[in-house]
Amino acid sequence: MVTKKTLDLRYNEMWQAWNDTAGEDSNYSTELFKPDLVLSWKQLNVTVTKKVPKLFGLSEVINKQILNNVSGNVECGTLLGIMGPSGSGKTTLMATISHRTKGNFEGELLLNGRPVSEDIMIKISGFVAQEDISFDQLTVLEELKLMARLKMDSSSSKKVIKDRIDYLVAHLGLNKTLNTRLCFLSGGERKKVALAVQLINDPPILFCDEVTTGLDSYAAAHIINTLRRVAHSGKIVICTIHQPASGLFDQFQEVLLLTNGRLAYQGPVSLVNDVFKNYSYICPATYNKADFIISILNSDNVLDKNNVNNMCEISSTIKQMDIKYNSFNKDVQSEYEHHLQTMKLSWILQVLLLLYRSTTCFVRNYKQHLLEFGTLMFLGIIVATPYANLQFDTKAVQNWEGFWLCLVINTVFQFNYSAISTHQIKFSVVHREVSNKVYSLSAYYVSELIILIIWLMVKILFYCIVIFWIVGVQWIYMQLLVFFIIALASFSYGSLLSAYFSCVEEAIVFSIAYEYLALPLSGAYLSFRSLPKVLFSLRYLSLFFLGCETISTLFWDKIKSLPCTDIANCLDSGKAVLLKYGFVSNDMYFDLMALLIFSVLANIFGYIGILRRMKKQPAY
């Protein structure tokens, strides 16, 4: 007789996760920690205002209420799931109670019965966002090490940091992906890394938005099982869940049900069926309990709507909210300042760590930078080729001056437009990390500026030397310095536009408008002597003019005489050439100083622009 083989799931991780046996003590009733935190929110109301532009007249203002009189509590040691149909306000509630929203809300947000500020909540909690964004060129281990240094106490030793990383890697199953870049990870692996980053400093409160969305049943079970262990260690863990797989719903100890921005129920998962039975709703034995609940909350049936409305009214009564609030807070009066004693790294160390990250990402993204460098060199060769091997006589004056003008104009255009998307690429990641107090914006800004200036120096060095070699310029180091300053001013201008315009297309339109006004003042197209005094003074606002006058003066001022072959049109010296084009040799250092001041001011105002954009809500 042949014995039929069956698959034994007793030791399967998913089976363990769904049956509450994976890596936890079997007795959940045993208190492993002292309950010292209770997070409460009372009568939260959140309204979003949107402006709809009209072709004629004022924009129409639309107010939409996202949360309506929502109250709740959660204590440490609890895994709370926030569930409801799409658009019910789950993410808004999560963002509000975690103080991650920049919008105003009405109501009370309390920690241990006392109002909690945004600064304290961000320090005391971690937030795993639904949309995972990060610097993808880093490996998992590099990301964890960097975040450990930035988020953990500055006095933590290397051994403490290593032990913390090893612990998270082991418990989240990241061993096989430690040396893999983030861009090559699957969705489930990226979720685990995002969770590890938020747990790196061991926060007492953890928020997770749609943490299982997009994952298969196995990966979702592993994530929820991990969060349950985190909660059981004495932390508050709150998750929004959309459509949990069968069995995952029961892993939450408590659930909060939302519908159309209103609270329908909050309490133990084990009592959800009893609540719905009161309205004659019985979930079939083979049906997904979560799907069954969502179908009722989202039903268009009149009877179902009335029943759900009745649930919301009962859950939102003042008496019910006070009973719930008092039952949670009566025994928890302890202070929580000990959770806020983490000391951040100094500003200089933050700059160094972020500079290391920027350098690593820059080097690993070498294909893009090689393409950028190759394009710059190709355009430089195109500019230089018509002027190859220029002779030095009166007939060549126009060609020489044309060469310098073309080179300056091309440099301004190239380095301006290469910087116009600088802040758009990384802004969403930096916005979230700075808002979560991981590091200061100024430290990031300075670190990025350092790496970009170094790259600028490399590009301008090769760019100028190749062009000078083709044309036959007997160049001096001062010319390289001048072109570096021109490139720096142009790049700073592009970076400034990038800081104030969230859309690249809008920045380009603004830049084109400036160039149409500034380019005619370069000295190549207008005689300055014929201009009114008001317009004549505007030339100092033109990067093209400042660059052209500086480099022309540097080239022509040292030429004392020129062979004259056309007596009727004779430019017999460098000063005569400068006079013809309206350039003043004594203004060269003034122009250089103006370019440097412009660069400094552009970067300062660029920082202010980024700071201004930081006031908006990050992408969560």
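By the naming in an unreviewed UniProt entry, the chain goes by Protein scarlet-like and is assigned to Sipha flava. Per UniProt, the chain carries the Sequence similarities (unreviewed entry) text "Belongs to the ABC transporter superfamily. ABCG family. Eye pigment precursor importer (TC 3.A.1.204) subfamily." According to the UniProt record, the Subcellular location (unreviewed entry) comment for the chain reads "Membrane".

A separate point is the overall build of the chain. Scanning the chain for helices and strands turns up 22 helices and 10 strands. A buried classification covers 51% of the 620 residues belonging to the chain. Looking at the chain alone, contacts between residues at least 24 apart form 77% of all its contacts between residues at least 6 apart. For the chain, the exposed area adds up to about 30400 Å²; of that, 59% sits on carbon and sulfur atoms.

Along the chain, Val471 turns up in helix α16 (residues 441–471). Once the C-alpha coordinates of Val471 and Tyr387 are considered, the two residues, 84 residues apart in sequence, prove to be 5.6 Å apart. Among residues more than four places away in sequence, those in contact with Val471 are Ala384, Tyr387, Ala388, Asn389, Leu390, Trp400 and Phe403.

Here we come to the packing of aromatic side chains. Applying the stated criterion across every chain, the model contains 26 aromatic pairs. Each ring, one from Phe362 and one from Trp455, has its centre 5.3 Å from the other, and the planes form 70 degrees; the classification is edge-to-face. Of this pair, Phe362 sits in helix α12 (residues 347–364) while Trp455 sits in helix α16, placing them 93 residues apart in sequence. Of the two residues examined, Phe362 and Trp455, each falls in the buried class. Of the aromatic side chains, those joined through ring pairs into one cluster are Tyr387, Trp400, Phe403, Trp404, Phe468, Phe483, Phe555 and Trp556. The positively charged end of Arg613 is found above the aromatic ring belonging to Phe427, 4.1 Å away from the centroid.

Here we come to the pattern of salt bridges. Under the defined criterion, the tally for this structure stands at 11 salt bridges. For Lys123, the salt bridge identified is with Asp119, shortest N-O distance 3.5 Å. Taken together, the residues Lys123 and Asp119, both in helix α3 (residues 118–124) and four residues apart, mark about one turn of the helix. Among the ionic pairs, Glu142 bridges to Arg364, the shortest N-O distance being 2.6 Å. Of this pair, Glu142 sits in helix α4 (residues 140–151) while Arg364 is found in helix α12, placing the two residues 222 residues apart along the sequence.

Read from one edge of the open sheet, six strands run β6-β7-β8-β3-β9-β10, paired in mixed fashion. With one partner strand each, in any of the chains shown, β6 (125–128) and β10 (262–268) form the two edges of the open sheet. Ignoring strand direction, the axes of neighbouring strands in this sheet form an average angle of 15 degrees. Against the sheet, helix α2 (residues 90–97) contacts β3 (78–83), β6, β7 (205–209), β8 (236–241) and β9 (254–259), and its axis sits at roughly 155 degrees relative to β8.

Turning our attention to the sheet that holds strand β1 (residues 38–52). Ordered by their spatial adjacency, four strands build an open sheet running β2-β1-β4-β5, and the pairing between neighbours is antiparallel. Bordering the open sheet on either side are β2 (60–75) and β5 (114–115), each of which pairs with just one other strand. Bridge count between strand β4 (residues 106–111) and β5: two bridges; the pairing is antiparallel. By the bridge assignment for β5, Leu111 is matched with Arg114. Contacting β1, β2 and β4, α2 runs over the sheet at an angle of about 120 degrees to β1.

Residues at a pLDDT of 70 or more form 86% of the chain, whose mean pLDDT is 83. Here residues 1–15 scores under 50 on pLDDT; set against residues more than four positions off or in separate chains, the count is 11 contacts.

Take the nonpolar core next. Of all hydrophobic cores here, the largest spans 83 residues; its most connected members are Met83, Leu195, Leu227 and Leu257. It is helix α7 (residues 217–232) that provides the largest number of residues to this core, a total of eight residues. Filtering out sequence-adjacent residues up to four positions away, Met83 remains in contact with Lys90, Ile241, His242, Pro244, Phe249, Val255, Leu256, Leu257, Leu258, Ala290, Ile293 and Ile294. Counting 60 residues, the second-largest nonpolar core is a separate cluster that includes Cys464, Ile485, Leu497 and Phe545.

With 18 residues, α12 ought to run about 26 Å at 1.5 Å a step, and its terminal C-alpha atoms sit 26 Å apart, in line with that. For α12, every residue scored as buried is listed here: Gln350, Val351, Leu353, Leu354, Leu355, Arg357, Ser358, Thr360, Cys361 and Phe362. Buried residues belonging to α12 abut α4, α13 (366–384), α15 (422–435) and α16.

With that settled, consider unusual backbone geometry. Phi is positive for Asp202, close to 55 degrees, though the residue is something other than glycine. Within the chain, Glu210 stands out as a residue other than glycine whose phi angle is a positive 50 degrees. In this fold, Glu210 is placed in the loop between β7 and α7.

A few words on the packing of α15 against α16. Where α15 contacts α16, the two axes come as close as 11 Å, and the packing angle between them is 150 degrees. Taken together, the axis directions place α15 and α16 in an arrangement best described as roughly antiparallel. For the pair α15 and α16, the sense of crossing is right-handed. Seen from α15, the contacting residues are Thr422, His423, Lys426, Val430 and Val434; seen from α16, they are Leu441, Tyr444, Tyr445, Glu448 and Leu452.

Our next topic: the UniProt feature "transmembrane region" (unreviewed entry) in the chain. Feature annotation in UniProt places "transmembrane region" (unreviewed entry) on residues 370–388, 449–473, 480–501, 507–526, 538–556 and 588–610, given in this structure's numbering. In residues 370–388, helix accounts for 79% and strand for 0%; the two terminal C-alpha atoms are 26 Å from one another. Helix makes up 95% of residues 480–501 and strand 0%, with an end-to-end C-alpha separation of 31 Å.

Scanning all chains against the criterion turns up three cavities of 30 Å³ or more. Of the voids in this model, the largest cavity is the one considered here, and its volume is about 60 Å³. Taken together, Thr422, His423, Tyr445, Glu448, Leu449, Leu452, Phe491, Ser495 and Asn603 form the lining of the largest cavity. Here the lining of the largest cavity takes four residues from α16, the largest share from any one element. Residue composition of the lining of the largest cavity, grouped by class: four nonpolar, four polar and one charged.

As a further point, take a nonpolar patch on the surface. Taken together, the side chains of Tyr500, Met593, Leu596, Ile597, Val600, Leu601, Ile604, Phe605 and Ile608 make up a nonpolar region of the molecular surface, amounting to roughly 770 Å² of accessible area. With eight residues, the top contributor of residues to the nonpolar patch is helix α22 (residues 588–613). Among the structural elements, Phe605 can be located in helix α22. According to the relative accessible area criterion, Phe605 is partly exposed, its value standing at 43%.

Our focus in this paragraph is the side chain of Asp591. Among the structural elements, Asp591 can be located in helix α22. In this structure Asp591 touches Tyr540, Leu546, Glu549 and Thr550, once residues within four positions along its chain are discounted.

Cut-offs and rules
Residues numbered from 1 in each chain as written. Predicted model: local features only at pLDDT ≥ 70, side-chain atom pairs only at ≥ 80, totals over all residues. Heavy atoms only, no water. UniProt positions renumbered as here; feature names shortened; annotations may be inferred. Helix = DSSP H or I, 4+ residues; strand = E, 2+ residues; numbered from the N terminus. Buried < 20%, exposed > 50% of the residue type's maximum accessible area, 1.4 Å probe, protein only. Contact = heavy atoms within 4.5 Å. Areas by Shrake-Rupley, 256 points an atom, 1.4 Å probe, with all protein chains shown as cover. Phe/Tyr/Trp six-rings, centres within 6.5 Å; stacked < 30°, edge-to-face > 60°. Lys NZ or Arg CZ within 6 Å of the ring centre and 35° of its normal. Salt bridge = Lys/Arg side-chain N within 4 Å of Asp/Glu carboxyl O. Pairing = 2+ DSSP bridges. Axes fitted to C-alpha atoms, helices over the stretch in contact; angles between N-to-C directions. pLDDT = per-residue confidence, 0-100. Core = buried A, V, L, I, M, F, W, Y, C linked by side-chain atoms within 4.5 Å. Expected span 1.5 Å × (residues − 1). Parallel < 35°, antiparallel > 145°, perpendicular 65-115°, else oblique. Left-handed = near helix turned anticlockwise from the far one by under 90°. 1 Å grid on protein atoms, 1.4 Å probe; cavity = no way out; pocket = protein on both sides within 12 Å on 5 of 7 lines; lining within 4 Å. Points joined across faces, edges and corners; volume = space filled by probe spheres on them. Nonpolar A, V, L, I, M, F, W, Y, C, P; charged D, E, K, R; others polar. Patch = residues over 30% accessible without salt bridge, like charges linked within 9 Å, V, L, I, M, F, W, Y side chains within 5 Å.

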